[in-house]
Each structure stands twice: as C-alpha cells, then as structure tokens.
Amino acid sequence: MFFCAISGEAPQEPVVSSKSGKVYERRLILKYITDNGTDPTTGEKLEEGDLISIKATPETAAPRLPSQTSIPAALHGLQNEYDAIMLETFALKQQNNSIRQELSYALYAKDAATRVVARLVRERDAAREALANVQATMGITPTAAASEDVEMSEDAPTEDGLPKSIVSQIDETHQTLSAARKKRKPPPGYSNAAEVKSFTAKHTIPSLHSSSSSGISALAVSRTNPSQFLTGGHDKVVQLYDRSTDKVLATLKGHTKSVNYVAFRERDSDATLLISGGADKIAKIWSHDTASSEYIPKHTIRSHKGELTGLAVHPTSTILALASADKTYSLHDLSNFTQVFKSVPSDEALTSLSIHPDGTLLALGTPASSIQIYDIRTGAIAASLAPAEGVPFTVNTLSFSENGYHLLAPDSLSSVAIWDLRKQKTTHTIPLGDDFKVNKVLYDTSAQFLGVAGSSGARVYAHKSWEELVRLDEGGEVSDLVFGEQGKEVWGATGREVRIWGLPA
C-alpha cells in the first residue's frame, strides 16, 4: 500500500514523481505543481508530464463526479478544503525547517564572534598587565586610561594596587618591628648551640591522617599555645592536635586535593584563624567559635588558577599572602576576607613564598633557579637573585632570617645558600650530599639557627659559623620543619607522624 507524501493517506489515484520517486495523490500534486512548479520533496522543477501513474490491481472505477446540490457535493467541497489545508501544512513545515536552519547558522556565527571577542579581550588584558609590569619594574607610575573609571573612595587601591589603609598598616608595622629589631637579642632562656647539639628524640605523635595516603605534607605550631599544632595531609584533611592531651581537637575538610600549607593567624583582639592552601588551587580559612569552642568554616579563597605553592601570614596579622603556579601572587585582608592585590603574571611559575620579618618585602621562588623579591606595598621588583650557572632546579622553599639581612634558600638540587640581601649575593653555601633532596628551609626566631628538612631527615646549623649542630634522621624523610618555643624543640613531619626533638630528659 502506498501513502501520499503530502497528505500521508492512501491515495485514490496514486502517481510517482520521476524526480524524487515519491508517491502522491494526483489531485494534490497537480495543485502543488500549479502553485509552485516544483517537487514538494526535493524542490526540483516538476511538470505534469514527470508524473507516472501507478496501476493498481485490481483496478477500481473512479468515483463519479457528484452533482453540486447533493450531500456528496458538500463532501467533495470538504475534501478540497482538506487538500488545501494539507498543502498549507506541508509548506509551513518546509518554512519551519528553513527558519530553524537559518537560526542555527546565526547562533553559530554569534558563538564564533563571542569567542573571538573574548580572545581579544584576554590578549588586551595580558598586554596591559605586561605593560604595567614593565612600568613597575622601571619605576614608572602607570597612568589610568581616559576611558576607565577611577575609584575615588578614601580606601580605594593606590596607583600601585594596595588600598591606602593596608599600606599604612604595613608601614606602621615595619617601623615598629625594624626599630625593635636593631636592639633585639635572644630572650633569656633561649637555646644555645651547645643545647641544640644535645637534641634527641623526645616525643612522637603517630597515626595522623589517613593511612591510604602518603602522610603529612604541612606542619605549623601555635605561638600562643605551643602544645597545639596544625597538620595538612595528602588525604585532603587539616587536623588540629593538642600534644598535652594527645587528642585531635578538630578535623577540617573541604579540600579536594593534597593540602600543601597550613598556618595559624593568632591575634590578641581577634579570633584564631586556621588557614590552609592546597593543590586544588584554593585556600580555606576556619575561625574559632567561642560559643561552641569549635572551628567553623569562614571563607574560601578561589583567586588562583593554579596549585597554591606558597602561603604566609603577614607580620600585621591582617594580611594573607598566597603564591601560585599560575605565575601570580595575591594578598588578602583577613579582617573582611577580601582580596586587596593580585600581581600581574610573571615570566615563570611561582614555587615558594616568604615574607620579610619587617613586612615590606616578599620573596618568591621559581622553577628557573631564581628568586624574585618584591616590595609588597607597590608590587615592584626590589631585587632578583640567581645562583651561578649550573643544573637548573626549583626554589621550592624560602626563609628570611629574623634580623632581616639574610635569606635562606636552595641553590642547587642538594645544597642551600644564605643570601646577603644588602649585597645581593650568597655569603655561604652548605652542601648536603648528592642523595639529599631539600623539602623545607627555616630560620628560627632568634636568627641563631637554621634548619633544613629533606629526604634524609633534618639538620640544624649555626648561623654565621655554619657548623652542623645536629642531625635528626630517626624518622626518615622530613616533609616540614618548625622550631619550637624558645628554640628548645624542633618539630618535624615524617610520614604520618609528627616527631619532636629536644633536650634529653
């Protein structure tokens, strides 16, 4: 049985088009040819002579024409109207398909245009940032474009990026700390070299974090409550532990990859903040709730597009600095959890971060063996340090000395150097052995000692004499290192354990 390609019904007088091969009702296709002159399916030119009648078997006589005054005449009129409706419906379907195609082409064109505009905007912004970076490096103050709006509020960012109130805090802290530092000596009772030489393993806190991951990746010790410490793990968890009670005080979740850095923000007038930064490109902040005595999520920073490679709390205790593999660093106000500055992308990814004890300089390591030092207030480069030519390495850790004159950093795959910031050159290099991989370097708060943690344990050296005072290798590789209160202890993260070395009992 055949069906008409126009009406969808069995035709009374079927014909087939030689152009498209479709079957039609003769009266419908003749009307269509009269109106359009084309095949309704393919759109090709079609004439009545191109129609081939289909002979049905058995043949049936064609119905007689009804008279114009009978009921069959009315039915015939209705049939004609129906045929007209079918033809109109078919034409509407074709028009609808044509409009849909046109709309599809228009949407594709709009999408392509949007992508081109977005790419051009990115290129424009990158060019502006590169120009601003060059101007900052040369000490030229960039002028705002005439078409750009200028924020006129009192607390708006300065021409170099930071709000005036933040710059004032930094300057005030710098003046206070630098004036006190010139007269500063180690406090009474602070450890001396002879005591450090006698350090031995005192305490081990085992089974921290999940056993399914590779252990602890970051460690921080509370300044106001030295028995409490913070750990970050490859299991994506941050833990707060109390050594005096041997209990986990808080297990903080929210990261989706390894936690690279942890820190305390402890300030007399504010609640204690626990801060972490991870390989998932985010930093998380938890705040101590006095009502429940628990730490609750306070803020999540998502400013960077690459893994966080550095985290430090500024000496003002109100600013958090972050470095990232996306070639930028950022500063955040911890009083209202807003970003106050983000650098223009540098030439290299950033791999480590340290803040000068006076609060005005920011040191950033790179995978190209170099160290970039920025003025934190302006974002301009203050100095660039690079070791003598050799095998390239990544500067994965940095530490300023408390006296503010020296910077401790790796200067090869298996050695560390002490940079004199006044002369911008190394004053001493400490070889560690070809099998030693540096994980962390750190000055103590008195600038008398410096520690190095790595693949073969930890070592403590005396500043100036560079004598190796003690080796701490009982637990194997040490991923992070912290000097304890009064320099009486050294804390290290080894696998899933936190080990504490100190004076023998």
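Residues numbered from 1 in each chain as written. Predicted model: local features only at pLDDT ≥ 70, side-chain atom pairs only at ≥ 80, totals over all residues. Heavy atoms only, no water.

## Description of the overall build of the protein
Across its full length, the protein carries four helices and 31 strands. With respect to the three principal axes, the spread of C-alpha positions in the protein is 125 × 55 × 55 Å. Buried positions account for 44% of the 505 residues belonging to the protein. Across the protein, every contact between residues at least 6 apart in sequence was considered, and the portion connecting residues at least 24 apart equals 44%. (Helix = DSSP H or I, 4+ residues; strand = E, 2+ residues; numbered from the N terminus. Buried < 20%, exposed > 50% of the residue type's maximum accessible area, 1.4 Å probe, protein only. Contact = heavy atoms within 4.5 Å.)

## Notes on the sheet that holds strand 1 (residues 14–17)
By way of backbone hydrogen bonds, the strands of a sheet pair with one another, either parallel or antiparallel. Pairing in this open sheet of three strands is antiparallel, and the strands run 2-1-3 from one edge to the other. The strands lining the two open edges of the sheet, one partner per strand, are strand 2 (23–25) and strand 3 (51–53). Going from strand to strand, the sheet's axes swing by 40 degrees on average, the running direction of each strand aside. Pairing of strand 1 with strand 2, which is carried by three bridges, proceeds in the antiparallel orientation. Paired with P14 across the bridge in strand 2 is E25. In this fold helix 1 (residues 26–36) packs onto strand 1, strand 2 and strand 3, with an angle of close to 90 degrees to the strand it touches most, strand 2. (Pairing = 2+ DSSP bridges. Axes fitted to C-alpha atoms, helices over the stretch in contact; angles between N-to-C directions.)

## Let's talk about the sheet that holds strand 28 (residues 468–472)
With antiparallel pairing, the four strands of this open sheet are ordered in space as 25-26-27-28. The open sheet is flanked by strand 25 (438–443) and strand 28, the only strands paired with a single partner. In this sheet, neighbouring strand axes are inclined to one another by 15 degrees on average, regardless of whether the strands run parallel or antiparallel. Direction of pairing for strand 27 (residues 457–462) relative to strand 28: antiparallel, over a ladder of four bridges. For Y461, the partnering residue across the bridge sits in strand 28 and is E468.

## A short note on unusual backbone geometry
For K327, which is not glycine, the phi torsion reads 80 degrees and is therefore positive. Residue placement: K327 occurs in the loop between strand 14 (319–324) and strand 15 (329–333). On the basis of relative accessible area, K327 is assigned to the partly exposed category, the value being 33%. The backbone phi angle of A447 is positive, close to 60 degrees, even though this residue is not glycine. Relative to the helices and strands, A447 is located in the loop between strand 25 and strand 26 (449–454).

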